[in-house]
Amino acid sequence: MSDTQSLIENRPPSVAALFLERIKATPDDEAYRYPVPPASGTGPDDWKSYTWAEAADRVFAVAAGLMALGVEPEQRVAIASNTRVDWVLADLGILCAGAATTTVYPGTNAEETAFILADSESRVLIAEDAVQLAKAREKRSELPHLAHVVVIDPAGEPVTAEEDPEGWALTLDELMERGRAHLEKKPEAVRETIESLRSDQLATLIYTSGTTGRPKGVRLPHDNWSYMAKAIAMTGLARQEDVQYLWLPLAHVFGKVLTAGQIEVGHVTAIDGRIDKIIENLPVVRPTYMAAVPRIFEKVYNGVATKAKAGGGAKYKIFLWAAEVAREYAKVTQDNFRRTGTASAPAGLRMKHALADRLVYKKLRDAFGGRLRACVSGSAALAPDIGYFFAGAGIHILEGYGLTESSAASFVNPGMSYRTGTVGKPLPGCEVRIAEDGEILLRGPGIMQGYHGLPEKTAEVLESDGWFHTGDIGELSEDGYLRITDRKKDMFKTSGGKYVAPTEVEGQFKAVCPYVSTILVHGADRNFCTALIALDEPSILGWAAENGQEGRGYAEVVASPEVRELIRGYVDQVNTGLQRWQTIKEFRILPRDLDVEHGELTPSLKLKRPVVEREFGHLLEEMYQGTREK
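Residues numbered from 1 in each chain as written. Predicted model: local features only at pLDDT ≥ 70, side-chain atom pairs only at ≥ 80, totals over all residues. Heavy atoms only, no water.

**Quick word on empty space enclosed by the protein**
Counted under the stated rule, the structure contains four cavities of 30 Å³ or more. There is about 60 Å³ of room inside the largest cavity. Lining the largest cavity are 13 residues, and of these Tyr227, Ser410, Cys430, Gly446 and Ile447 sit closest to its centre. If you list the elements that add at least two residues to the lining of the largest cavity, you get α9 (222-235) and β18 (439-443). Across the lining of the largest cavity, the residue classes break down as seven nonpolar, five polar and one charged. Of the voids in this model, the second largest cavity is the one considered here, and its volume is about 50 Å³. Val15, Val88, Asp91, Leu92, Leu95, Trp225, Lys256, Thr259, Ala260 and Ile263 are the residues that line the second largest cavity. For the lining of the second largest cavity, the secondary-structure elements that each account for two or more residues are α4 (85-96) and α10 (253-265). Among the residues forming the lining of the second largest cavity, the class breakdown is seven nonpolar, one polar and two charged. (1 Å grid on protein atoms, 1.4 Å probe; cavity = no way out; pocket = protein on both sides within 12 Å on 5 of 7 lines; lining within 4 Å. Points joined across faces, edges and corners; volume = space filled by probe spheres on them. Helix = DSSP H or I, 4+ residues; strand = E, 2+ residues; numbered from the N terminus. Nonpolar A, V, L, I, M, F, W, Y, C, P; charged D, E, K, R; others polar.)

**Quick notes on the nonpolar core**
Counting 169 residues, the largest nonpolar core has Tyr32, Phe390 and Ile567 as its most contacted members. For this core, the element with the most residues is helix α3 (residues 52-68), which contributes 11 residues. Residues within four places of isoleucine 567 in sequence aside, it is in contact with Phe509, Cys513, Ile533, Leu535, Phe587 and Ile589. In terms of nonpolar packing, the next biggest core, distinct from the first, is built from 20 residues, Ala100, Leu143, Val151 and Trp168 among them. (Core = buried A, V, L, I, M, F, W, Y, C linked by side-chain atoms within 4.5 Å. Buried < 20%, exposed > 50% of the residue type's maximum accessible area, 1.4 Å probe, protein only. Contact = heavy atoms within 4.5 Å.)

**A look at the side chain of threonine 288**
Positionally, threonine 288 belongs in the loop between α11 (278-285) and β12 (289-292). Residue classification places threonine 288 among the buried residues on the basis of a relative accessible area of 11%.

**A closer look at the packing of aromatic side chains**
Overall, the coordinates contain 13 aromatic pairs when judged by the stated rule. A connected cluster of aromatic rings, assembled from ring pairs, spans Phe297, Tyr301, Phe319, Phe368, Phe389 and Phe390. One cation-aromatic arrangement involves lysine 256 over tryptophan 225; the distance from NZ or CZ to the ring centre is 4.2 Å. (Phe/Tyr/Trp six-rings, centres within 6.5 Å; stacked < 30°, edge-to-face > 60°. Lys NZ or Arg CZ within 6 Å of the ring centre and 35° of its normal.)

**Topic: the pairing of strand β1 (residues 30-36)**
Most of β1 is tucked away: five of the seven residues are buried. Pairing geometry for β1 and strand β2 (residues 46-51), over six bridges, is antiparallel. The partner of proline 35 across the bridge, within β2, is tryptophan 47. As paired strands, β1 and strand β11 (residues 268-271) are joined by two bridges and run parallel to one another. Note that in β11 the partner of arginine 33 across the bridge is alanine 270. (Pairing = 2+ DSSP bridges.)

**Some remarks on the packing of α3 against α4**
One way to put it is that α3 packs onto α4 with a least axis distance of 8 Å and a crossing angle of 55°. Overall, the two elements α3 and α4 adopt an arrangement that is oblique. You can see that α3 and α4 cross each other, and the crossing is right-handed. Along its contact with α3, which presents Ala55, Arg58, Val59, Val62, Ala63, Leu66 and Met67, the element α4 presents Asp86, Leu89, Ala90, Leu92, Gly93, Ile94 and Cys96. (Axes fitted to C-alpha atoms, helices over the stretch in contact; angles between N-to-C directions. Parallel < 35°, antiparallel > 145°, perpendicular 65-115°, else oblique. Left-handed = near helix turned anticlockwise from the far one by under 90°.)

**What to know about the pairing of strand β26 (residues 584-589)**
Of all six residues making up β26, five are buried, and the element is well covered by its neighbours. Relative to β26, strand β25 (residues 529-535) runs parallel, the two sharing five bridges. Counterpart to alanine 531 in the pairing with β26 is phenylalanine 587.

**Details of the pattern of salt bridges**
Counted under the stated rule, the structure contains 36 salt bridges. Between arginine 443 and glutamate 431 there is a salt bridge, with its nearest N and O atoms 3.1 Å apart. Placement of the pair is arginine 443 in strand β18 and glutamate 431 in strand β17 (residues 431-434), with a sequence separation of 12 residues. You can call glutamate 431 partly exposed: its relative accessible area is 36%. With its nearest N and O atoms 3.4 Å apart, the salt bridge here joins aspartate 572 to arginine 568. Remark: arginine 568 and aspartate 572 occur in helix α20 (residues 561-575); sequence separation between them is four residues, near one turn of the helix. (Salt bridge = Lys/Arg side-chain N within 4 Å of Asp/Glu carboxyl O.)

Here you go:
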């Protein structure tokens, strides 16, 4: 029997079972690292740890506490919290109680939070703080199934018996106290529940943030996570001696799958979801690997470029030279590795690369903590030129691919054999085929059971023989590397009958323009392509300060003729490498950046095209007034 067959046929039924194995194997090893802000409110955080045994104590207390509240197997328990160690332990507690986790983004408004809680029929909500508790209180009359709210950080909220005589709200500490009391009466309650779990029992409900209409609950059973844990370990991407830095939203499947892989491998994970702390945390945590979305790498790249430009003409020229050397070095070494198995480069290029490393790349690696072996990028496409830049600088970005419906990870680039611009090869046990229209179809143990309560929607994407329609268009190389070319629904045809993949054009623009935050290319049924461009505020205000516009606000700066001329230069640069029908003939700079709060980006920072096109439809129409062939 091959390793892959063994993986598929002999894996445990649940991650909860893997957790028991991990506790037994390495009880005293460090498991989770988390920040504790200073009591004074100022100064650096103090990082503390849980061993696997200490984590298990809290997890079992949460699990038993939920049992004491009357939560039964497969009933839903929701978590509405930012990424923090308590999220991970609460999720494991839910799974070990045999229940299923409903994930809720903490930024979700009260109305949509209530919809998710009601649609999932969640019995308990684990809320991070007063803000999340307030949403549940506001909509309590619409949530007949919600029996309790457990608050992680109560901070003066009425969760005591005197203030909440019904016992509807309680603190996380109180839940664990109830759990420990329950375990005194029934010491084996949690272990017996874990041992009774079936692989097909519901483990997680993740609501996709659709571009239109209500989100759909994706049903992921225990077996999905057990498979993912084993498959991730088999890729060799993570090692037991690793330190992972985890900041991704755990309500998103990308963040969630990383917690399963860690349990199987047994490495340390440092957890802090505060995005504004990433730059500060990296030199402290010094991770050996981390996962991120492309927007983070784009911001780092643009930040480095802007800082170099601010340093004067000489420094900026050095940066541009080093960036080109990095890209050339990455392309040459990757190509040679593919052909010969050795990541070699000509002597002249090696000399230039060594000089660029001393001047630029080492500082960049130090900013990431100096030990980063690899980054995994997912959730959206990374512009190849940005990927090549980081690869050449010694920060290896391994792109992967998957969806909520496939438990996050279906493809990933294989270590030193990675190829920038592709999402790598399928994970062990995952089957792939390309349909006649180019759509990627997947089948395997990571595929969802279906959409919660929506059999018709499930039938639209999941065939009776297990093939899942991803909605993405892609190409497979002869040796199995997948390249995503676009979303099926995002590709458009111009009025001249030419197909355009907007993300390809957008990626090229992001690679050349250091001031861009988001770009949307438009042109469906039009006779030429246009673009809506949002600029990164710190970067463009830095440019403004150096170009006679210091003291002006963002909206005033981006509306200036000087900025339009600046961006026009980058548009023209990109257009030179495009087919005529792909070129951006007109563009408008948006008066503000796009964001999650306005509903223009998903919580994982994907662009919601229909929302943006509606919001700024007047600008699109303006560009097509008196339309003509350009």
